[in-house]
Amino acid sequence: MAVERMAVRRGGSAGRWGLVVGVLAFFYAEGAAEITTSRPFLIDSQVADMQWVNNTKAGAKPNAKTVFVRSMRGSIYRSTDDGMNWVSQRDKMTDDDGSEPFQTRPWQVSVMLFSQADAKYAVMKGYGENNWFTKDQGDTYAKHSFGVMSEIKMHPTRPEVLLASKYEGSFPNRYMSLFISEDLGASWKKIVKNVFQFEWGDPAVKGFSDKTILACVRKADTTPKNAFSDWDPNIDFVVSHDYFKTSDIKVLHGNRFAFHDPYYFVAAMNPLEELEVILHVSPDKGATFQRAQFPYQLSERSYRVVDSKEDSVFVQVAHGSRDTSFANVYMSGPSGREYTLSLRGVVKDYRGLTDFERINGVDGVYVANVADQAAEPEMSLLGGLQAVIFSNHLEDGMIPTRSLISFDKGALWKPIKAPTHDHKGNSIDVCEGCSLHLNGKTSGMLGPVYSSVSSTGLIIATGNVGHHLHERADETNTYFSRDAGQTWEQIKKGSYIYEYGDHGALMVLADNRQATRKLMYSWNEGLNWTDFTFWDHDIEVENIITEPSGNSQIFVIYGRRGDKGVVMQINFETLHERRCEGINAAGGEGSDYEFWTPADSIRKGSCLMGRKVTYTRRKRAVQCFNGWDFDRKEARASCECTRADFECDFGYQLAGEGEDKQTCLRVPDMPVAGFGAPEDCAAYFTVSRGYRRVPGDTCVGGDVSGKLDPLVQSCPGFGWTSMVMLTAVVSLGAVLAWVTYARRKDQGLAAPWSSKADLLDFFHSGARGFGPLGSSFSHTRYTGLADGPDMDDDDLGLGDDDDEAQVLGESLHEYALGVTPSPSSSFHPPPIIHDLLDLEANPSGTLPPLPASAPPRPSAPLPSLDPPPPGRK
């Protein structure tokens, strides 16, 4: 590849942050193709934050972005052309000439905030008393000082309205007050004190308004705990719809909250146990709250919501104060309230980050790293020291970890299939019982599992093949999947940082373990790679990033060189690859596009989450670009239900390893609940068989549905059965009354409404079976209405009442638990439902037959779960 390089001028002007840095392009020619880069722009320290906002300038391209960077030292830089040119914002924000010591410089920014209501509005919150506000995307700033603000929140629909908190009072009686500004920080008004956390409510929620605020507030006239961070029973989660002129308690003792649209979560202190917390959840953005239900009677010390997409929630729960490296992950139903165990021992770190990753762009696929409790501990010096110091054998380096993947939203998990060939095409000797293990968010500098909404089905990660995940440099490689994790291939030896562009058509890698001046790119999803030298000096690459949608061919690479940060733009638009063609003829020989349908590994056919979704995407081997305006086509159709469409219901869990590892069993010592009718029962209620549909699953029909879906029972009392019986009785009475009236009229007797005596005689005539009329009806008895023991037949009766009651009692047990108890011994809920699915023993995926259907259900109240009395002989 021919290379033309223009000399890079380095002088004092490169270190002056207030100057505009000109563009210098490097041209890498391969025929007529070229890649352009901006001049490396040096900033005062490493990049701490980078934000992309839509460019609001007149004449800007539809997809143009303004980029802001905050350095570790609090300096702000802006680019209005997707990262090509950068300008320090210090001169606009202060008169400081840079001669003051760093610690006292008044222009340091700790947080960049951008309005969701209007892209032109932004707030730069300072470390000290100064904050900066812009209405024109950084062209100008207004500096306002109002003390040291702890936190600032921008209104979701009104860009000039802000909430902010700051400390007041003197130590040790300091407290935090909440202030509001309706003029973008120019003036502030206190609205409530003793606030611990706050957030704007969503004005779209029923009952909320643009003045709704949600907050954790300590009760008036109560004293704080000794430590500010302690859980406090005097703090409540409250809502105000009028800027705290009035407020209502939503969750008593609610000390912390987190919002994960559309679910709101509040952690409340258990007033009976100071170190325990109770989770409350709202599925309607704070309008109503209910206590979350977990299947174990264990202490809940902390929560972290790790995912809340696709109509359900995954929550990480630490059950002990020393659970510093692992925690259980639970999954909810659609309400976000009832949780079942999805995975034990998921890896987490001291920051709360969790190796639990949703694969973007497809439904229901997750990857997680878990502790392998069955393996021998891998002793390491660091892990041993931690174990001694903290008396915890679950510290990093002590318990081996492994990677698992789920294709049904966490209902079932399996090892990740290892690739069979390396990046050069050589066969990989996969050891027995080995699989692929991938690094997650807790793996430090190693590249984590990464996917993008715009790059459907593509996953890239670093990891290793073996029995467990480790960080040995000689065995860590970069892996790629283009079918949402079903199959994997090694694309590079070693660890890299990576990014997708152009809807996944372009992939870019850079070495992240040693300083480099090169990156690699591929137009065919890793089949071939081309080296590209982006500078004539090595830098430690920290990240490669593109605008959030992932549709662009423009990337920003940043890292550090010495004690300075480096930011550069890499532009592949100028490479002049041809535009892909034939999207309407996808799958044909002349088209650059193909059809792809994701599938899980359990069911037959190409179905995932109960539906067959066919995506149109670029063929792998072609070399063309999609363009930022590419509109991915997809078609959807529902699939027949299989076991893969169900997860364990609340109070149940997978049996674990062995033949029945896909069978849901009742949690040991779980209180018997859910078998009876609810207090507000209306017509019907359901009894769980141990399974529930995976939230968001859209499967229909199938033999498995009738065997795993909950049983439907009539409500006790006046349900449908009672209504049918009453209707029959009333109808029969009406017929008899009409016949009696007709006979009396033929005999010339008075109508029943003529007098009270005639009315009584009318009823006597009917009750006697029309005896006075001397007709053939004179000896007829109304079966089922007579009160003597001499009933003529059982057509409308129940026959032997006790025998029938015995059968009905047994059928209720069968409905609730899937078994029939022995009448000779006291009944206890069995730990296993024997007639449910066992895919290991039944590879065809069909279910064994259930017992014969139970007799009709009674309309009377449900009996207890004690055995019914023996029948009368």
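Located above this text is the structure these notes cover.
Residues numbered from 1 in each chain as written. Predicted model: local features only at pLDDT ≥ 70, side-chain atom pairs only at ≥ 80, totals over all residues. Heavy atoms only, no water.

**Q** Explain the nonpolar core residue by residue, including any values.
**A** Counting 33 residues, the largest nonpolar core has L438 and I460 as the members making the most contacts within it. Elements represented by at least two residues in this core include exactly β33 (435-438), β34 (459-466), β35 (477-481), β37 (496-501), β38 (506-511) and β45 (611-618). One finds I497, F534, V541 and L575 within the second-largest nonpolar core, a separate group that totals 22 residues. (Core = buried A, V, L, I, M, F, W, Y, C linked by side-chain atoms within 4.5 Å. Buried < 20%, exposed > 50% of the residue type's maximum accessible area, 1.4 Å probe, protein only. Helix = DSSP H or I, 4+ residues; strand = E, 2+ residues; numbered from the N terminus.)

**Q** Go over the sheet that holds strand β13 (residues 151-154), please, and point to the residues and values.
**A** In space, the 4 strands of this open sheet follow the order β13-β14-β15-β16, with antiparallel pairing throughout. At either margin of the open sheet sits one strand with a lone partner, and together these are β13 and β16 (189-193). Within this sheet the neighbouring strands show an average axis-to-axis angle of 25°, counted without direction. Here β13 pairs with strand β14 (residues 162-168) via 4 bridges, running antiparallel. Looking at the pairing, E151 lines up with S165 of β14. (Pairing = 2+ DSSP bridges. Axes fitted to C-alpha atoms, helices over the stretch in contact; angles between N-to-C directions.)

**Q** Which residues make up the pattern of salt bridges, and what values go with them?
**A** Taken as a whole and assessed by the stated rule, the structure comprises 31 salt bridges. One salt bridge in this structure joins R358 and D307, with 2.6 Å as the shortest N-O distance. Of this pair, R358 sits in strand β29 (residues 356-358) while D307 is found in strand β25 (residues 302-307), placing the two residues 51 residues apart along the sequence. For the pair R358 and D307, one class covers both residues: buried. Put simply, D629 and R579 hold a salt bridge, and the shortest N to O gap is 2.8 Å. Placement of D629 in the loop between β45 and β46 (634-638) and of R579 in the loop between β43 (564-571) and β44 (593-596) is noted, with a sequence separation of 50 residues between them. Residue classification places D629 among the partly exposed residues on the basis of a relative accessible area of 45%. (Salt bridge = Lys/Arg side-chain N within 4 Å of Asp/Glu carboxyl O.)

**Q** Mind laying out the environment of T324, listing which residues take part and the relevant values?
**A** Positionally, T324 belongs in the loop between β26 (314-318) and β27 (326-332). Taking relative accessible area as the criterion, T324 reaches 36% and is therefore assigned partly exposed.

**Q** Tell me what's going on with the state of the cysteines, and back it up with residues and numbers.
**A** If you walk through the whole model with that rule in mind, you get 5 disulfides. The residue that forms a disulfide with C580 is C624, at a sulfur-sulfur distance of 2.0 Å. Between C580 and C624 the disulfide shows an S-S torsion of about 100°. By sign, it is right-handed. Remark: C624 occurs in the loop between β45 and β46 and C580 occurs in the loop between β43 and β44; sequence separation between them is 44 residues. Accessibility classification places C580 together with C624 in one group, the buried group. (Disulfide = S-S within 2.5 Å.)

**Q** Tell me about unusual backbone geometry, residues and numbers included.
**A** P262 follows D261 through a cis peptide bond whose omega is 5°. Tracing the sequence through the fold places P262 in the loop between β21 (254-260) and β22 (263-269). Non-glycine residue N194 carries a positive phi angle of around 60°. With respect to the element layout, N194 can be found in the loop between β16 and β17 (195-200).

**Q** Describe the side chain of S79, naming the residues involved and giving the relevant values.
**A** Looking at the secondary structure, you find S79 in strand β7 (residues 76-79). We classify S79 as buried; its relative accessible area is 0%. Of note is the side chain of S79, whose polar atom sits 2.8 Å from the backbone nitrogen of G83. A distance of 2.8 Å separates a polar side-chain atom of S79 from the backbone oxygen of N85. Beyond its immediate sequence surroundings of up to four residues, S79 is in contact with K65, T66, V67, M84, N85 and W86. (Polar contact = N/O pair within 3.5 Å; in protein donor to acceptor, adjacent residues only side chain to side chain. Contact = heavy atoms within 4.5 Å.)

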